[in-house]
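Below are the chains, spelled out letter by letter.
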Amino acid sequence: MTEPVALPVWLVAALAALSGWFLLAHVLVPGLRWFLRRRINDVLRQVGHRLQVELPSFKLTRRQVLIDRLFHDPTVQAAAERHAAESGENIGETRRRIDRYAREIVPAFNAYLYFRIGYALARAVARSLYRVRIGYVDEAALARVDPKSTIVFVINHRSNMDYVLVAFLAAERTALSYAVGEWARVWPLQQLVRAMGAYFVRRNSGDALYRTVLARYVQMASAAGVTQAVFPEGGLSVDGRLRPPRFGLLDYMLKSFDDRGERDLVFIPVGLNYDRVLEDRSQLLKLDPNRPRPGRARGLAVALRFLLEHLGMMLTGRWHRFGYACVNFGTPISMRDYLRRRGLHLGALDEPARHARVAEIAAMLMNEIGHIIPVLPVSLVAGILVADPARQWSMLELKAAALARMATLEAGGAHLYIPREDQDYAFEVGLRMLSLRHLVIEDDGIYRPAAGQLDALAYYANAIAHLAAA
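A. Region of the structure containing the packing of helix α17 (residues 395–411) against helix α18 (residues 423–436). Remark: α17 packs on α18, axes separated minimally by 10 Å, with the N-to-C direction vectors making an angle of 115°. In terms of crossing hand, the pair formed by α17 and α18 is right-handed. Of α18, the residues touching α17 (which contributes M395, L398, K399, A402, L403 and M406) are Q423, D424, A426, F427, E428 and L431.

B. Structural context of the side chain of S222. Considering the arrangement of structural elements, one finds S222 in helix α10 (residues 208–223). Given a relative accessible area of 7%, S222 falls into the buried group. When neighbours within four sequence positions are excluded, S222 is seen to be in contact with T150, Q228, M253 and R263.

C. Inspection of the packing of helix α11 (residues 248–255) against helix α15 (residues 351–372) at higher detail. Contact pair α11 / α15: the axes reach a minimum separation of 10 Å and the direction vectors enclose 120°. Taken as a pair, α11 and α15 cross one another with a handedness that is right-handed. Along its contact with α11, which presents L250, D251, L254 and K255, the element α15 presents R354, H355, V358, I361, A362 and L365. A per-class count over the contact of α11 with α15 returns six nonpolar, one polar and three charged.

D. Expanded view of a positive patch on the surface. Together, R203, R243, R246 and K286 give the surface a local cluster of positive charge. Along the chain, R203 turns up in the loop between β4 (199–200) and α10.

E. Expanded view of the pairing of strand β6 (residues 265–274). Within β6, 10 of the 10 residues are buried, which leaves the element mostly enclosed by the surrounding structure. Residues L265, F267, P269, G271 and N273 of β6 are buried on one face, and the alternating residues V266, I268, V270, L272 and Y274, pointing to the opposite face, are buried as well. With five bridges connecting them, β6 and strand β7 (residues 324–329) associate as antiparallel partners. Counted as the bridge partner of Y274 is A325 from β7.

F. View of the sheet that holds strand β9 (residues 393–394). Pairing is antiparallel in the open sheet, where three strands are placed in the order β9-β11-β10. At either end of the open sheet lies a strand with only one pairing partner, and these are β9 and β10 (440–443). Note that β10 and strand β11 (residues 446–449) share four bridges and pair antiparallel. Counterpart to I441 in the pairing with β11 is R448.

G. Spotlight on the nonpolar core. Core analysis: the biggest nonpolar cluster contains 79 residues, and F153, I155, Y178 and L434 have the highest contact counts within it. No other element matches helix α8 (residues 161–170), which puts eight residues into this core. When residues no more than four places from it in sequence are discounted, the contact partners of F153 are T174, L176, T227, Q228, A229, V230, I268, V270 and F329. The next biggest cluster of nonpolar side chains, apart from the first, holds 49 residues, and it includes I67, I105, V213 and I333.

H. Quick look at α10. The end-to-end C-alpha distance of α10 is 22 Å, a good match for the 22 Å that 16 residues give at a rise of 1.5 Å each. In terms of burial, α10 is largely enclosed, as 13 of its 16 residues are buried. The N-cap of α10, judged by a side-chain oxygen 2.9 Å from the amide nitrogen of L209 a few residues on, is D207.

I. Structural detail: the layout of surface pockets. Roughly 520 Å³ of internal volume is contained in the second largest pocket. What lines the second largest pocket is a set of 21 residues, among which A208, R211, T212, A215 and K255 lie closest to the centre. Put simply, the parts of the chain that give the lining of the second largest pocket at least two residues each are α4 (74–87), α10, α11 and α15. Sorting elements by how many residues they give to the lining of the second largest pocket places α10 first, with seven residues. Residues that form the lining of the second largest pocket fall into these classes: six nonpolar, six polar and nine charged.

J. Summary view of the pairing of β7. Counting buried residues along β7, six of its six residues qualify, which places the element largely inside the surrounding structure. Burial along β7 is two-sided: Y324, C326 and N328 and A325, V327 and F329, pointing in opposite directions, are all buried. Pairing between strand β1 (residues 131–137) and β7: six bridges, direction parallel. For V132, the partnering residue across the bridge sits in β7 and is A325.

Cut-offs used in this document
Residues numbered from 1 in each chain as written. Predicted model: local features only at pLDDT ≥ 70, side-chain atom pairs only at ≥ 80, totals over all residues. Heavy atoms only, no water. Axes fitted to C-alpha atoms, helices over the stretch in contact; angles between N-to-C directions. Helix = DSSP H or I, 4+ residues; strand = E, 2+ residues; numbered from the N terminus. Left-handed = near helix turned anticlockwise from the far one by under 90°. Contact = heavy atoms within 4.5 Å. Buried < 20%, exposed > 50% of the residue type's maximum accessible area, 1.4 Å probe, protein only. Nonpolar A, V, L, I, M, F, W, Y, C, P; charged D, E, K, R; others polar. Patch = residues over 30% accessible without salt bridge, like charges linked within 9 Å, V, L, I, M, F, W, Y side chains within 5 Å. Areas by Shrake-Rupley, 256 points an atom, 1.4 Å probe, with all protein chains shown as cover. Salt bridge = Lys/Arg side-chain N within 4 Å of Asp/Glu carboxyl O. Lys, Arg positive; Asp, Glu negative; His and termini not counted. Charge placed at Lys NZ, Arg CZ, Asp CG, Glu CD. Pairing = 2+ DSSP bridges. Core = buried A, V, L, I, M, F, W, Y, C linked by side-chain atoms within 4.5 Å. Expected span 1.5 Å × (residues − 1). Polar contact = N/O pair within 3.5 Å; in protein donor to acceptor, adjacent residues only side chain to side chain. 1 Å grid on protein atoms, 1.4 Å probe; cavity = no way out; pocket = protein on both sides within 12 Å on 5 of 7 lines; lining within 4 Å. Points joined across faces, edges and corners; volume = space filled by probe spheres on them.

What follows is the structure, encoded as structure tokens:
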């Protein structure tokens, strides 16, 4: 009974592997799940007391449940049968495509990651790059919004930093669900984006079946009260101006909105502006379709050089943040009130008539966004210089023109962000930022646009050009 027993090495290895698997599956993993679930519940209790808009149960539902719900949605299944009949595709293959689309779109929101890790990262990144400010908030109107409403932040799109900036500034009120383009579908960014509650959208997709699945997800989320953030322009501004709205996502939301139901649909216009947009040069390249584009390797090299240059300036104490980044939150727009005042019920309209009404709503929202965009120092000074590019300015002449333009914009109802509430300082900040970037040249106290930099100056001037024209 006490004699040793010889076992082959492979059997010992197999027994050790089975023991390790048992320990991992029945002890470590359940323990880790219990720990994470407890931390997530703690976070939900804490943010539940803080948020002015409650987290809907839809947002906290397990991802697989949402995928199954979307897959089995009657509208989606009807679209699958119609597609299979019209195209001759096997119905099983059509349904497998629907499953792929659903898994591609549906997020996997993690409250702990969003409010603890994501919020801290967004705050650190935004504040390390910019002097982040909230310029204007219509607090009284926001306080009157029914917390049971579906809230949609509609935002002008200046930079990919928009996602970080608005999510960080809105985190004290709610958790946002963004529609994110295919650029973010790379590992491990894809997993992080999903965990932050964002859903992926294929821009310009001509696949009717995909659009049906996407539309039903957006409609399900809207009906459940999920707070969303949408960029009506559909992409980054190329020349700095506001782009015409593309109302695909808005149409999905409005198509299923019942103004006679219990839950209102409320759009909050958000205007943002930067003293420096990180992607300004790459966007300006798109102005000339014949201009050669740098390849991927060249682009990575330029980005790496930019990073190393600024890291070197940080280490030597010569680095400055990229000026101000300012966000304004405008007056909420209730779709229930909007439609009732006009005697409209979108559900009763045919598709062409509904599209026409949605186009009107999208144009109205873009007008509200444009009105709320903050005037920042760089845009202010750049606008003066591009208005008369051949002129050479003394410091006093340029400052007088800047002060006069501030007065004109303010009289027109524009929202100016004046650092330190000092107009002289605001002018100096704008001019210094442009000079540091060599967009403006100073020679014996005389200032003029640098050669070949008018496009860059116009890019920043165009951010508020619509306010000057109003």
